[in-house]
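Next come the chains, spelled out residue by residue.
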Amino acid sequence: MSTIVEQEEKSDQMEAARLERELEREKLKLSRFDSVTSLFLALILFLGAFVFMMFVVWLLSGEPKPIALAPIIENPPGRGENPEGFERDFEPPGAEEVEDLMEPTLADTIEAVTDAVSSVAASLTTADTNATASTQGTGQGDSRPPGPMGEGDDIIGRWERWELTFNAKGKNDYAKQLDFYKIELAAFGGGGPNVIEMANNLSTSPTKRVNTQPKTEERLYFSWKLSNPLLQFDRQLLTAAGIQVNGRNVIRFVPKDLENQLANMEKQYAEEKGKKFPHSIAKTVFESTVDGGGYSFSIVSQRYRKGY
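Remember, it's a predicted structure, so these values are computed and weren't measured experimentally.

Parameters and conventions
- Residues numbered from 1 in each chain as written.
- Predicted model: local features only at pLDDT ≥ 70, side-chain atom pairs only at ≥ 80, totals over all residues.
- Heavy atoms only, no water.
- Helix = DSSP H or I, 4+ residues; strand = E, 2+ residues; numbered from the N terminus.
- Buried < 20%, exposed > 50% of the residue type's maximum accessible area, 1.4 Å probe, protein only.
- Core = buried A, V, L, I, M, F, W, Y, C linked by side-chain atoms within 4.5 Å.
- Contact = heavy atoms within 4.5 Å.
- UniProt positions renumbered as here; feature names shortened; annotations may be inferred.
- Pairing = 2+ DSSP bridges.
- Axes fitted to C-alpha atoms, helices over the stretch in contact; angles between N-to-C directions.

A word on unusual backbone geometry
- Look at the link from F277 to P278: it is a cis peptide, with omega at -5°.
- Looking at the secondary structure, you find P278 in the loop between α8 (256–272) and β7 (281–291).
- Of note in this structure, K182 is not a glycine but carries a positive phi near 60°.
- Given a relative accessible area of 64%, K182 falls into the exposed group.
- Positive phi, normally seen in glycine, also occurs at N201, with a value near 50°.
- Relative accessible area serves as the criterion here: at 38%, N201 is assigned to the partly exposed category.

Digging into the nonpolar core
- Ranked by size, the top nonpolar core spans 37 residues in total, and within it F166 and F297 carry the most contacts.
- The contact partners of F297, leaving out residues within four places of it in the chain, are L164, T165, F166, Y181, L258, L262, M265, F286, E287 and S288.
- Residues A186, I196, I251 and F253 belong to the second largest nonpolar core, which totals 5 residues.

Brief notes about the UniProt feature "transmembrane region" (unreviewed entry) in the protein chain
- When the UniProt feature table is mapped to this numbering, "transmembrane region" (unreviewed entry) covers residues 39–60.
- A helix fraction of 100% and a strand fraction of 0% characterise residues 39–60, whose end C-alpha atoms lie 32 Å from each other.

A look at the sheet that holds β7
- Taken in spatial order, the 3 strands make up an open sheet running β1-β7-β8, and their pairing is mixed. What marks the edges here is a single partner per strand, and that holds for β1 (162–166) and β8 (294–304). Across the sheet, the mean angle from the axis of one strand to that of its neighbour is 20°, orientation sign disregarded.
- By the bridge criterion, 5 bridges tie β1 to β7 in an arrangement that is parallel. When the sheet's bridge partners are listed, E163 is paired in β7 with V285.
- Most of the contacts of α8 go to β8, to which it runs at about 45°, and overall it touches β1, β7 and β8.

In structure tokens, the structure reads:
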């Protein structure tokens, strides 16, 4: 009997242990609540990591920096203030200049010594020489183009070979393009004071400023050769800035950065055509058009010199 009882007790203990293990397993089972919670937690962690990575990328990228273009230096010839012509022969000196260059004759020397001894002031006059009494030169001018004085290279200067055009729908659109490129309008001459009056901020509130020393201005400038609507816009914008334009020269000053950008564009365009830059170029026409949220220049045509 004792053996049977012991077996029953042992069986009860095992059953109790089994029930206890099953109860523990029930507690460790993953519930639906736990599954949903884990899903949302994983999603939140993924989104957080993605946002953090995007923030790091934005922080490290910063604003795109423009590529610095190497400045292109040109040395075109120019005649300065000399008159335009076809030849550059040395002009024969006039009578007054000849007298300073001629060797005195024996008679002139004796006369000068005699006058010095007698303390009588004397001077040679034009009539005492054999030179023609005329101060009119016979030179035929200077074949170099307008520009700084000097021989320079055999090229056409940018102020002559460049043409800037603007594809504008109206005065306001044209003014926005000038402001975008930081081009200033200016007026000078006309019998007034020797100053350059300039205007900027043309599309918002035209602002006037004055350069009282025009010789210090080194920027490249252009003017319209023919009357067109854009020339009238220039005059209207200058007038809005309080600048008098009647009878005066109206020009556009190009900033150095833009000038260098256009020069590099011109160089690349010419070399792609197999031409020598800048010696081969006679004319380059740039046109400004809309480009995304701003504007940009492009080359629409380029002509070349004969023999280059």
